[in-house]
Amino acid sequence: QVQLVESGGGLVRAGGSLRLSCIASGASKPTFSRYNMAWFRQAPGKEREFVALIRWITGSTSSADSVKGRFTISRDNAKNTLYLHMNNLRPEDTAVYYCAATQSLGSRADEFDYWGQGTQVTVSS
């Protein structure tokens, strides 16, 4: 069983930056390193949407078009930690951000087995 805890959310002005962290527990370091990890977000009244993914086997990443060039996903397997570096934030980035883990290959939310409780990001105009 893997537990995920996000932190780093907050209130920021448009154009600002934040770094989200997600610490995994309940899994040994070798086990954590074998999970594909992702960030999703959910704005009020909207469905949860994919933000970014990092694959364990290659370290390759993918991200949603809406955040390309602004958000960067990374991981530190030695610390069992996933990050999301968010730059040039926009009001439309306002949402609860969730980290998730899976041992499957996809990027759909229903393919992820473990979820954190979420951290609120609010971007003011």
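Structural data are supplied above this passage.
Figured I'd write up the structure that's included with this text. Model, not experiment: these values are computed from the prediction.

Basis of the calculations
Residues numbered from 1 in each chain as written. Predicted model: local features only at pLDDT ≥ 70, side-chain atom pairs only at ≥ 80, totals over all residues. Heavy atoms only, no water. Helix = DSSP H or I, 4+ residues; strand = E, 2+ residues; numbered from the N terminus. Rg over C-alpha atoms; globule rule 2.2 N^0.38 Å. Buried < 20%, exposed > 50% of the residue type's maximum accessible area, 1.4 Å probe, protein only. Contact = heavy atoms within 4.5 Å. Areas by Shrake-Rupley, 256 points an atom, 1.4 Å probe, with all protein chains shown as cover. Salt bridge = Lys/Arg side-chain N within 4 Å of Asp/Glu carboxyl O. Core = buried A, V, L, I, M, F, W, Y, C linked by side-chain atoms within 4.5 Å. Polar contact = N/O pair within 3.5 Å; in protein donor to acceptor, adjacent residues only side chain to side chain.

**A few points about the overall build of the protein**
Counting its secondary structure elements, the protein contains one helix and eleven strands. The helix and strand sequence of the protein, counted from the amino end, reads β-β-β-α-β-β-β-β-β-β-β-β. Whereas a compact globule of 125 residues would reach a radius of gyration of roughly 14 Å, the protein reaches 14 Å, a difference of no more than 12%. Overall, the C-alpha framework of the protein stretches about 40 × 25 × 25 Å when taken along its three principal axes. The buried share of the protein, reckoned over its 125 residues, is 43%. Taking all contacts inside the protein whose residues are at least 6 apart in sequence as the whole, residues at least 24 apart take part in 57%. Element-wise, carbon and sulfur atoms account for 49% of the exposed surface of the protein, whose accessible area totals about 6,400 Å².

**Some words on the pattern of salt bridges**
What the rule picks out here adds up to six salt bridges. Here Arg 41 ties to Glu 49 by a salt bridge, and the two come within 2.6 Å at their closest N and O atoms. The buried category is assigned to Arg 41, whose relative accessible area is 6%. Put simply, Asp 65 and Lys 68 hold a salt bridge, and the shortest N to O gap is 3.2 Å. Assessed through its relative accessible area of 67%, Asp 65 is described here as exposed. A cluster of three or more residues bridged by salt bridges with shared partners is formed by Arg 41, Glu 49, Arg 70 and Asp 93.

**Section: the nonpolar core**
With 30 residues, the main nonpolar core has Leu 4, Trp 39, Leu 84, Met 86 and Tyr 97 as its most contacted residues. Elements that contribute at least two residues to this core include exactly β3 (18-25), β4 (36-42), β5 (49-54), β7 (71-76), β8 (81-86), β9 (95-102) and β11 (119-124). Not counting residues up to four positions away in its chain, the partners in contact with Leu 4 are Cys 22, Ile 23, Ala 24, Met 37, Cys 99, Ala 100, Ala 101, Tyr 114, Trp 115, Gly 116 and Gln 117. One finds Ala 38, Phe 40, Leu 53 and Ala 100 within the second-largest nonpolar core, a separate group that totals five residues.

**Remarks on the side chain of Arg 41**
Secondary-structure assignment places Arg 41 in strand β4. A distance of 2.6 Å separates a polar atom in the side chain of Arg 41 from a polar atom in the side chain of Glu 49. Within polar-contact distance, the side chain of Arg 41 engages the side chain of Asp 93 at 2.9 Å. In contact with Arg 41, other than residues within four places in its own chain, are Glu 47, Arg 48, Glu 49, Val 51, Ser 66, Val 67, Phe 71, Glu 92, Asp 93, Ala 95, Val 96 and Tyr 97.

**A few points about the side chain of Asp 93**
Checked against the element boundaries, Asp 93 lands in the loop between β8 and β9. Accessibility expressed as a relative area gives 1% for Asp 93, which makes it buried. Separated by 2.8 Å, the side chains of Asp 93 and Arg 70 make a polar contact. Contact partners of Asp 93, with chain neighbours within four places excluded, come to Arg 41, Arg 70, Phe 71, Asn 88, Val 121 and Val 123.

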